[in-house]
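Structural description and commentary
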Amino acid sequence: MKHLFVFGKNRFGLAEPRIGSAGILGLVALLAMGPPSAGVAQQAAAAAAEDTGLITEETTSPGASDAEALVEVADPPADPLVQLVRPGASVELDDLMWLHRPIVVFADSPADPRFHEQMERLTDGAEALLDRDVVVLTDTDPSVKSALRKKLRPRGFMLVLIGKDGGVKLRKPQPWTVRELSRTIDKFPSRLREVEERRGS
């Protein structure tokens, strides 16, 4: 007799029904650990693919042929977290101009409770942020002296919203909700034009 077992695997290889905030923050911490190489980006994408994929394993009863054993991996959809969150250590804001609205989340340590709270809020609202062309950049290591830190000069925790034109639109010393950020972005003239263009197309 054949038995089918289906497991949802998270990015840490453990069978779980869904990823909790610890898993999300684990990915964020990995991405925030310094200048990424192409290999790190590929690993993050592979981990995200593994996160949403279903692995089906077929086991057979004694005496069944090896040809009957089957392992299938479904093609997973793109993980919105991989599209949304990026390490800020090697990002140049000029490269994002007119393409994205960066939200930069600074902290002096990835263990800062405000950083945890902010990242949970942002990742929970990933779809709404991606719809507004937002990319989240994280920087939790002051010793690196990244280009983002030199330009924006944060002190401890800071949330910075930057427009597509490269201008700083908002600075907050405390976590903000996706709803608050979305309302602010939706008042930008560039966002209003985008909405009108999408309605007309």
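Before reading on, note that the structure itself is shown above.
What comes next concerns the included structure. If you're wondering where the values come from, they're calculated on a predicted model, not measured in any experiment.

**Remarks on the nonpolar core**
Judged by nonpolar contacts, the single largest core of 22 residues is most densely connected at Ile103, Val105, Leu122 and Val136. Elements that contribute at least two residues to this core include exactly helix H3 (80–84), strand S5 (101–106), helix H4 (113–124), helix H5 (126–131), strand S6 (134–139), strand S7 (158–162) and helix H7 (178–185). Val91, Leu96, Leu152 and Ile162 belong to the second-largest nonpolar core, a separate cluster that totals 12 residues.

**Notes on helix H8 (residues 189–200)**
For H8, with 12 residues, the first-to-last C-alpha span of 17 Å sits near the 16 Å given by 1.5 Å per residue. Those residues of H8 not exposed but buried are Ser190, Arg191 and Glu194. Buried residues in H8, looked at end-on, bunch into an arc of 100°, giving them a common side. Turned more than 90 degrees from where H8 packs its buried face, Pro189, Arg193, Arg199 and Gly200 sit exposed. Close packing links the buried residues of H8 with S5, H5 and H7.

**Describing the side chain of Ser182**
Here Ser182 shows up in helix H7. What Ser182 contacts, discounting residues up to four positions off in sequence, is Ala128 and Arg132.

**Focus: the pairing of S5**
Among the six residues that make up S5, six are buried, leaving the element largely enclosed by the rest of the structure. Of the strand pairs in this sheet, S5 and S6 are connected by six bridges, and their pairing is parallel. If you follow Ile103 over to S6, its bridge partner there is Val136. Where S5 lies against S7, four bridges are found, and the strand directions are antiparallel. Residue pairing for S7: Ile103 is matched across the bridge by Leu161.

**Quick look at the environment of Gly166**
One can find Gly166 in the loop between S7 and strand S8 (168–172). Residue classification places Gly166 among the partly exposed residues on the basis of a relative accessible area of 24%. Taking the C-alpha atoms as reference, Gly166 lies 8.2 Å from Arg101; in sequence the two are 65 residues apart. When sequence neighbours within four positions are dropped, the list of residues in contact with Gly166 reads Met97 and Lys151.

Rules of the game
Residues numbered from 1 in each chain as written. Predicted model: local features only at pLDDT ≥ 70, side-chain atom pairs only at ≥ 80, totals over all residues. Heavy atoms only, no water. Core = buried A, V, L, I, M, F, W, Y, C linked by side-chain atoms within 4.5 Å. Buried < 20%, exposed > 50% of the residue type's maximum accessible area, 1.4 Å probe, protein only. Helix = DSSP H or I, 4+ residues; strand = E, 2+ residues; numbered from the N terminus. Expected span 1.5 Å × (residues − 1). Arc of directions from axis to C-beta. Contact = heavy atoms within 4.5 Å. Pairing = 2+ DSSP bridges.

Distances and angles like these do not, on their own, reveal function.
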